[in-house]
Amino acid sequence: MPTSHAIPGLPPLEPRAPESQERLARLEKKFPGRIAAVREACAYAPDPDLALAGIERYVDGAGALPAEPDLLEALALLCGGSRLVSALLARDPRLLRRAARSPHLLRPRTEADLRRVLSRTARRLEPEDVDGFHRLLRRLRAREVVRIALRDLRRARVKEITAELSALACACVDAAIRFHDRLLRARHGAPAGLAGREAGAGFCAIAMGKLGARELNFSSDIDLIYVYGQDGQTDGPKPLTHFAYYAKLAEHVTEAIAKPTEDGFVFRVDLNLRPDGRSGPIVNSIPAAEYYYQAFGRTWERNALVKARPGAGDLAVGDELVRHLEPFVWRRSLDLDVVAEIQAMKARIDARAGAEGKDDLKLGRGGIREVEFFVSALQLLHGGRDEGRPLRERAVLPALERLLFAGVVPAKDRDELADAYLFLRRAEHRVQMVDGAQTQRLPPPGERTGLARAMGYASEQAFEAVLSDHRERVARHFAGLLGTGAGAAPLDPELALLADADVPADRRAAIATRRGLADPDRAIAAIDSMARRRTPFSPLGDPAAAVSLLADALGTPDPDQALSHLADFAAALRNPDPYFKMLAEHRRIARLLLSLFGTSDFLSKRFLRHPELIDLLLREDQVVLEKALDELRAEVRERLAAVDRTLPLDDLLEHELGELRRYKNEEVLRVAIHDIAGTVDLPSVAGQLSDLAESCLEACLTLAEDEARAKGVLPPGRLCVIGMGKLGGRELGYHSDLDLIFLYPGGAEPGFERYARLAQRFMSFLQMPLREGRLYQIDTRLRPSGNQGALVIGAEGFVRYHTGEALPGGVARDGAAGAVRSQLWERQALLRARFVAGDRALFEDVNARAIVPAVYGRREDPAALAAEIRRMRERMESELSREASHGKNPKTGRGGLVDVEFAAQYLQLAHGHDHPSIRTPSTPVALRALRAAGLLREAEHEALARGYEFLRHVELRLRIVHDFTIDHLPASGPPLHQLARRLGYYGAEPGARFLAEYARVTAAVRQAFEDVVR
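Reading the values: rules and limits
Residues numbered from 1 in each chain as written. Predicted model: local features only at pLDDT ≥ 70, side-chain atom pairs only at ≥ 80, totals over all residues. Heavy atoms only, no water. Helix = DSSP H or I, 4+ residues; strand = E, 2+ residues; numbered from the N terminus. Rg over C-alpha atoms; globule rule 2.2 N^0.38 Å. Buried < 20%, exposed > 50% of the residue type's maximum accessible area, 1.4 Å probe, protein only. Contact = heavy atoms within 4.5 Å. Areas by Shrake-Rupley, 256 points an atom, 1.4 Å probe, with all protein chains shown as cover. Core = buried A, V, L, I, M, F, W, Y, C linked by side-chain atoms within 4.5 Å. Polar contact = N/O pair within 3.5 Å; in protein donor to acceptor, adjacent residues only side chain to side chain. Phe/Tyr/Trp six-rings, centres within 6.5 Å; stacked < 30°, edge-to-face > 60°. Lys, Arg positive; Asp, Glu negative; His and termini not counted. Salt bridge = Lys/Arg side-chain N within 4 Å of Asp/Glu carboxyl O. Patch = residues over 30% accessible without salt bridge, like charges linked within 9 Å, V, L, I, M, F, W, Y side chains within 5 Å. Charge placed at Lys NZ, Arg CZ, Asp CG, Glu CD. Pairing = 2+ DSSP bridges. pLDDT = per-residue confidence, 0-100. Axes fitted to C-alpha atoms, helices over the stretch in contact; angles between N-to-C directions. Left-handed = near helix turned anticlockwise from the far one by under 90°. Nonpolar A, V, L, I, M, F, W, Y, C, P; charged D, E, K, R; others polar. Disulfide = S-S within 2.5 Å. Right-handed = clockwise from strand over helix to strand, strands pointing away.

K.L.:
I keep staring at the overall build of the chain and nothing clicks. Help me out?
P.N.:
Secondary structure summary: the chain contains 45 helices and 10 strands in total. By the compact-globule yardstick of 31 Å for 1014 residues, the chain is too spread out, its C-alpha radius of gyration being 39 Å. Overall size of the chain, expressed as C-alpha extent along the three principal axes, is 130 × 65 × 55 Å. In the chain, which comprises 1014 residues, the proportion classed as buried is 57%. Counted over contacts in the chain with a minimum sequence separation of 6, partners at least 24 positions apart contribute 73%. Working note: accessible area of the chain is about 41,600 Å², and carbon and sulfur atoms make up 52% of it.

Next comes the structure, spelled out in structure tokens:
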């Protein structure tokens, strides 16, 4: 029987915490004759204050101090090293004697022994007593943890401690499999072919990670993969498929081990190493698992499977899977891609280590993970050939030994790495033992005395000196692994942590907030979503590429949106790996893509519906800043000509319209990317969007005419399509409707219905929702008589309407004089009329006979015209802008775009009769022409032209942000901040600086409007 539980060579240390004296006083009052023994026992504990607190808790539960000196010494040792064990002893004081007097205190307890104990005890329970079974597992776990902790503090060998914890975990999982399999068999019958077999047959929990290597920590998760032998159906009255049956069994087993109850939990269970990770089914058949790894398995999964072993349940089933996966894990030959992937895994570990510093025993520089990866990487590189079979070892130290004898690792390196690994693992146990926390982080400097004494060192300084030596050696060996120790650019350590799914969520959230992400949970969810796919964020991925993508996202106006859309992009791709590799190789394209994602929700969603559009970013023609209208027309014809002409008419039309939409989406994306990148100016953006619309209109009209011809309903002449509004002025934005007027030759003749059907079909082709979206939304309210008028109007009727020939007393067919029927708003609209598709000669005729006479046919009374313009402007501002309730409106609000447009239109209407040079449908061109003609002073021109450019830029950014139109500026908060960044305002308070400039510009525009229209 042991006589001493003290750590050898440890000097005594008196309790130092203020509350310790109070505890000693309370204990002396209760046990006056034992206080000296208590003091002495605590003085030799790792943390005397912690020991004293634990002893008092024990006394509260037990009602007395242990009578025997060795039990008091064991109590002080356990409580001085672990609050977790103190809590267990306070809950059940009998655990102290069972641990200190156990026959397994000086030698390990085997897994077979634990299985026998669990099997014998479980048989005493009622078959359906799930709660009782849960209590059994948790109480066994408490008893064994106290015993193993005492063994560990008494300096048992590390491999014995980790093996015992692993044995405990496997024994508990095995018992859970058998208990719940019996329950399920009673309800659903036995799986096919297993009726005569014991409970648990056909199903295996594959042990992975530290459990697979029998290297479990006190607070480790247990990594499991659940598999079953073959598919089929159970033979009971409520039969299930084997998959459904074993999925239920896997869920029940996981709950039995991991569910917190009043007795705690047994072990945390991690199933993320299963095929397809969190996205995969909880259980797989052997053929399904084998297919997954052979078809989709990645190098990090090969690395994980190095440690795989059948852990619980039907071990033969597990053996079969492990055997089938040998060719996947242990490749006879390694190509350069595999070596590069291993190097990328090393780079990720290196990046995390640099971010963690030296406070993390596992993940920091020179930590446990570097030793583990050093060994497993060399195993993967050398273990596939026949002569490398001895290297196929799960545990780190035996594998290191085999690498030595295989001539892969020199003896000195083996010794240094093995010594460091043992030291670090022992320290890891001591850290986790304190509170049972799942951590490898050292206590803060100055608070490590307890840890140092638990490790056998008299002072914190002595412990840290040894720790530092070990870590430096590990870091040196790790740096030289695979020849990748030098030359790598340092990564942003915070972003490396943010990109790593293994970093605790609260720490990542703090980093995300600090780096400017408004919704840390959303950002972390996006990163973790990408970590489950083949991207730089996955365990296999390149950390440098991941950090670069994060940095690019943070540089966009809306980093949260950019990351969210990047994750959506990864999810939309069947295999994202080659696309993300392309982004890593082409940094310009990565920045463009992230800029798009972080600037425009509208365009991003269109892009994400068709992720194949990323190929556009690589095409040479996408570098083209501008395309002329003729070039766009030619490309449209080429795309439509490539459609299979042998298809039936309806199918042919659908394919042609789909192709037209794809082309439009590609071109809008091209323009938008250059717009976002700042490589094209506002006139280019508006002009190209307008020319693109014109080319699509021409194509759709041709398709509608081809269909009508095929069906025998084609009218005798062609329609004339007139563009109005922003289309007429070549000033389209990303969300703009197309304002159209349809004319046909002649007057009210019998063919009118055919022209109307053709126009309706033409509009249907433009607005029909297909997979690729709509082409354009059409607005025809600017036609004569608006919504009350016919959709299409004969040319003669159009002329009569606008020249007043239909009015009594109307004169002058040529429109040179006489009453004009058009109202002022209609004449303002006609200022922007422009031919866009169909019969150009008809437009020229109507333009000469109706539009020019109606708009410019007579000299205006400037004062009367100005009064009417001001009246209309005031009405729009009061009725449409809603600035008082909704915020600033860049279009109809005070000093908005309408001020600029009305000022230009007033001058055109007032002076166009005498100055043909100012007759243009474009507002910015009109402003320049008016200045050149001496009709607009330089000061007013500058205010109006600058205001137009500024406000159109704001309007485009408002419209590009969302996938819906938006008319008002955000007043404050993140939306204003993000809009300001989209407009190029950075630094401190970009929103406030943008609003200040908006106020200056609109004030100048309003003043110019009032000076002009008077």
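K.L.:
How do you make sense of the environment of Leu727 when you look at a structure like this?
P.N.:
In this structure, Leu727 sits in helix α34 (residues 725-728). As a C-alpha pair, Leu727 and Met876 span 149 residues in sequence and 21 Å in three-dimensional space. In this structure, Leu727 is in contact with Ser690, Ala693, Leu697, Leu732, Leu738, Asp739, Leu740, Arg834 and Val836, ignoring residues within four places of it in sequence.

K.L.:
How should I be thinking about the nonpolar core in this particular structure?
P.N.:
Within soluble globular proteins, side chains that are nonpolar generally end up buried alongside one another. Phe537, Tyr734, Leu740, Phe762 and Phe994 are the most contacted members of the largest nonpolar core, which totals 161 residues. With sequence-adjacent residues up to four places away left out, Phe537 is seen in contact with Arg348, Ala499, Ile527, Met530, Ala531, Ala546, Leu549, Leu550 and Leu566.

K.L.:
Would you mind showing me how to read the side chain of Gln908 here?
P.N.:
One can find Gln908 in helix α41 (residues 897-911). One polar contact links the side chain of Gln908 to the main-chain carbonyl oxygen of Thr920, over a distance of 2.9 Å. Ignoring sequence-local partners within four residues, the contact set of Gln908 consists of Leu831, Tyr856, Ile918, Arg919, Thr920 and Ala926.

K.L.:
Any chance you could explain the packing of aromatic side chains here in plain terms?
P.N.:
To describe a pair of aromatic rings, one takes the distance between the centres and the angle between the planes. Throughout the structure, instances matching the rule amount to 23 aromatic pairs. A centroid spacing of 4.3 Å and a plane angle of 0 degrees characterise the contact between Phe133 and Phe179, whose relative ring orientation is stacked. Here Phe179 lies in helix α9 (residues 158-188) and Phe133 lies in helix α8 (residues 130-153), a separation of 46 residues in the sequence. In this structure, Phe133 and Phe179 share a single accessibility class: buried.

K.L.:
Can you help me understand the side chain of Arg141 in this one?
P.N.:
Along the chain, Arg141 turns up in helix α8. Despite its burial, Arg141 remains without a salt bridge, the nearest opposite charge being carried by Asp221 at 10 Å. Those residues in contact with Arg141, other than ones at most four positions away along the chain, are Leu168, Phe265 and Val266.

K.L.:
Is there a simple way to think about the pattern of salt bridges in this case?
P.N.:
Side chains that differ in sign of charge can pair as their charged atoms come close. In total, this model carries 77 salt bridges according to the counting rule given. Residues Asp577 and Lys581 are paired through a salt bridge, measuring 3.3 Å at the closest nitrogen-oxygen approach. Here Asp577 and its partner Lys581 are both found in helix α27 (residues 577-585), 4 residues apart, which amounts to about one turn of the helix. Accessibility expressed as a relative area gives 24% for Asp577, which makes it partly exposed. Residue Lys581 is classed as partly exposed on the basis of its relative accessible area, which comes to 40%. In this structure, the salt-bridge partner of Arg633 is Asp630, at a minimum N-O distance of 3.2 Å. Pair noted here: Arg633 and Asp630 are both in helix α31 (residues 629-641), with a separation of 3 residues, about one helical turn. Classification of Asp630 by relative accessible area gives exposed; the value is 54%. Residues participating in the shared-partner salt-bridge network are Arg109, Asp113, Arg116, Arg143, Glu144, Arg147, Arg151, Glu160 and Glu164.

K.L.:
Looking at this structure, how should I read a positive patch on the surface?
P.N.:
Taken together, the side chains of Arg120, Arg123, Arg124 and Arg182 define a basic patch exposed on the protein surface. Mapping Arg124 onto the fold places it in the loop between α7 (111-122) and α8.

K.L.:
Teacher, can you tell me more about the environment of Pro281 here?
P.N.:
Within the secondary structure, Pro281 sits in the loop between β3 (269-270) and β4 (283-285). C-alpha separation for the pair Pro281 and Arg754, spaced 473 residues apart in sequence, amounts to 59 Å. When neighbours within four sequence positions are excluded, Pro281 is seen to be in contact with Phe243 and Arg274.

K.L.:
Hey, could you run me through the pairing of strand β1 (residues 203-208) in this one?
P.N.:
In the case of a regular strand, side chains alternate between the two sheet surfaces. By the criterion of burial, β1 is predominantly enclosed, with 6 of the 6 residues buried. Going residue by residue along β1, you find Phe203, Ala205 and Ala207 tucked away on one face and Cys204, Ile206 and Met208 tucked away on the opposite face as well. With 6 bridges joining them, β1 and strand β2 (residues 222-228) adopt antiparallel strand pairing. Each residue of the ladder has a partner; that of Ile206, found in β2, is Ile225. Here 4 bridges tie β1 to strand β5 (residues 309-313), and the two strands are oriented antiparallel to one another. Counted as the bridge partner of Ile206 is Pro310 from β5.

K.L.:
Would you mind showing me how to read the confidence of the model for the chain here?
P.N.:
Regions with low pLDDT should not have their predicted coordinates read in detail. Model confidence for the chain is summarised by a mean pLDDT of 87, while 93% of its residues fall at 70 or above. Here residues 806-820 scores under 50 on pLDDT; set against residues more than four positions off or in separate chains, the count is 17 contacts.

K.L.:
Honestly, the packing of helix α1 (residues 18-30) against helix α2 (residues 35-43) in this entry has me stumped. Any pointers?
P.N.:
Angle between the axes and distance between the axes: these two values describe a pair of packed helices. One can describe the packing of α1 onto α2 by two numbers: an axis separation of 9 Å at closest approach and a directional angle of 145 degrees. For the pair α1 and α2, the crossing hand works out as right-handed. Note on element contacts: α2 touches α1 through Ile35, Val38 and Arg39, opposite Gln21, Leu24, Leu27 and Glu28. Split into classes, the residues belonging to the contact of α1 with α2 amount to 4 nonpolar, 1 polar and 2 charged.

K.L.:
Is there a simple way to explain the state of the cysteines in this structure?
P.N.:
The full count for this structure, using the stated rule, is 0 disulfides. Its sulfur unpaired, Cys172 is 9.5 Å from the next cysteine sulfur, which belongs to Cys170. We classify Cys172 as buried; its relative accessible area is 0%. The closest cysteine sulfur to the non-disulfide-bonded Cys696 is located on Cys700, 6.8 Å from its own sulfur.

K.L.:
Is there a simple way to think about the pairing of β2 in this case?
P.N.:
Among the 7 residues that make up β2, 7 are buried, leaving the element largely enclosed by the rest of the structure. Read from β2 through helix α11 (residues 242-258) to β3, the crossover connection turns out right-handed. Sheet topology note: the β2/β4 ladder contains 3 bridges and is parallel. What sits directly across from Tyr228, in β4, is Ser285.

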